[in-house]
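Structure at a glance
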Amino acid sequence: MTVLVTGGAGYIGSHTCLELIAQGYDIVVTDNFCNSLPEAVNRLKTLSGTDFPFYRADVRDADAMDGIFKNHEIECVIHFAGLKAVGESVRLPLMYYGNNIASTVQLCEAMKRARVKKFIFSSSATVYNGDNDMPYTETSRVGDCANPYGRTKYMCEQILRDVSAAEKDWSVVLLRYFNPIGAHESGQIGEEPDGIPNNLMPYIAQTAVGRREYLPVFGADYETPDGTGVRDYIHVADLARGHVAAIRYCKQYTGCDEFNLGTGRGTSVLELVSAFEQATGVKIPYRIEARRPGDLPLYYAATDKAAKVLDWRAEKTIAQACADSWRWQSRNPNGYKA
Ligand code: NAD
Ligand code: UFG
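Keep in mind the model is a prediction, meaning the values are calculated, not measured.

A closer look at the site of ligand 1
Near ligand 1 there are 28 residues, and of these I12, D31, N35, S36 and Y149 occur at the shortest range. Taking C34, its main chain carries an N or O atom lying 3.1 Å from an oxygen atom of ligand 1. Within the side chain of S36, a nitrogen or oxygen atom sits 2.7 Å from an oxygen atom of ligand 1. Out of a free accessible area of 820 Å², ligand 1 has 95% covered by protein chains. Here the residues of the shell around ligand 1 sort into 13 nonpolar, 10 polar and 5 charged.

Quick notes on the packing of helix 3 (residues 62-71) against helix 5 (residues 93-114)
Close contact between helix 3 and helix 5 brings their axes to 10 Å; oriented N to C, the two are set at 40 degrees. Relative to helix 5, the element helix 3 lies oblique. Between helix 3 and helix 5 lies a crossing whose hand is right-handed. From helix 3, A62, M65, D66 and F69 reach across to helix 5, where they touch Q106, L107, A110, M111, R113 and A114. Residue classes in the contact of helix 3 with helix 5 are distributed as 7 nonpolar, 1 polar and 2 charged.

Observations regarding the environment of I284
Tracing the backbone shows I284 in the loop between helix 9 (269-280) and strand 13 (286-289). With relative accessibility at 3%, the residue I284 sits in the buried group. Residues I284 and V209, 75 residues apart in the sequence, show an inter-C-alpha distance of 9.7 Å. Residue contacts for I284: discarding those within four places in its chain leaves I204, T207, A208, L215, V273, F276 and E277.

Scoring rules and cut-offs
- Residues numbered from 1 in each chain as written.
- Chains lettered and ligands numbered in written order.
- Predicted model: local features only at pLDDT ≥ 70, side-chain atom pairs only at ≥ 80, totals over all residues.
- Heavy atoms only, no water.
- Near = heavy atom within 4 Å.
- Polar contact = N/O pair within 3.5 Å; in protein donor to acceptor, adjacent residues only side chain to side chain.
- Areas by Shrake-Rupley, 256 points an atom, 1.4 Å probe, with all protein chains shown as cover.
- Nonpolar A, V, L, I, M, F, W, Y, C, P; charged D, E, K, R; others polar.
- Axes fitted to C-alpha atoms, helices over the stretch in contact; angles between N-to-C directions.
- Helix = DSSP H or I, 4+ residues; strand = E, 2+ residues; numbered from the N terminus.
- Parallel < 35°, antiparallel > 145°, perpendicular 65-115°, else oblique.
- Left-handed = near helix turned anticlockwise from the far one by under 90°.
- Contact = heavy atoms within 4.5 Å.
- Buried < 20%, exposed > 50% of the residue type's maximum accessible area, 1.4 Å probe, protein only.

This is how it looks when you write it as structure tokens:
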């Protein structure tokens, strides 16, 4: 089966490309490099020993997408391409709606023209309403998102539900990722945020490598065991396997279904810092600062549905994720830049 991966040069997309190749899928990859670099694609080709077709294109470019569908017998699309920085989405909402919503709609239209009917969408735990009880299950309340980024994911989910209701032979899978961390065990590919990292693990890793002086810990007065925020951190390699499980599911299912991809366990900021120090032997200086606006104290995933229906579970530990993040960051202190 040939799978089109949009946003395949990015953090989660690149790891999923490697897993797809390892599992015997043919891949076609597209990315416009608005948040990634061509070097990621070079490394993917070297690591996998596969010269897969790559197109530098924007998913919103209908001609480019039609060309890709014409050139290849694509059966399934995994749509990673999108913008993901929460703070930026507050400052530049139009850019977020313009990219995340339009790319999803345009991609569905191109798929319709090419009669491709399997769609796997990168959604997020941010679609859940913060007032839900823990853990978030797939039936927990969604919507009322805290920021424009979250709203784009929520809206895309609604759009895809409507599409699947109209196109009865489509199979749409919404994968709600919790907090991806870690890197490929080779240390050759990993997460390289542009500028100052928004997310915890890249901030820790950049502090460890000396690019940041200390880690700001956003709040130590939450109602959590140690006062710091709690999240469900999942190794990106486990997340990649979740996409392969979703493709298998698409083969025998039509409609629109959603799954949490998380571990079911919560880890606090200070626990992650301590796990990183233990796994790497590197001390992480940190300072307690004010809460970050819009942050929730604690959330983690219910994982039963993915286990039962997709036969998928996260397997890697936080310690492995810390060691892998460090291997990537220490061997590539400036990411993909030389
Ligand atoms: P990323 O920024 O590393 O990867 C996204 C890729 O898409 C980038 O390479 C970027 O250049 C490309 N891209 C963006 N808009 C495009 C467009 N219009 N046309 C072509 N390419 C385009 O992000 P990631 O962490 O790998 O996230 C992948 C997906 O998963 C995103 O949709 C994101 O919202 C979602 N997600 C991420 C997280 C997370 O914490 N990383 C959590 C939940 C959901
Ligand atoms: N944190 C710090 N210091 C930092 C960065 C983060 O203390 O420098 C804390 C946050 O306050 C929070 C925890 O670390 O308690 C995790 O924060 P992240 O920014 O790493 O992750 P979020 O849970 O805020 O959001 C991330 C992505 C979203 C995605 C969501 C899915 O940014 O895009 O996970 O759960 F949707």
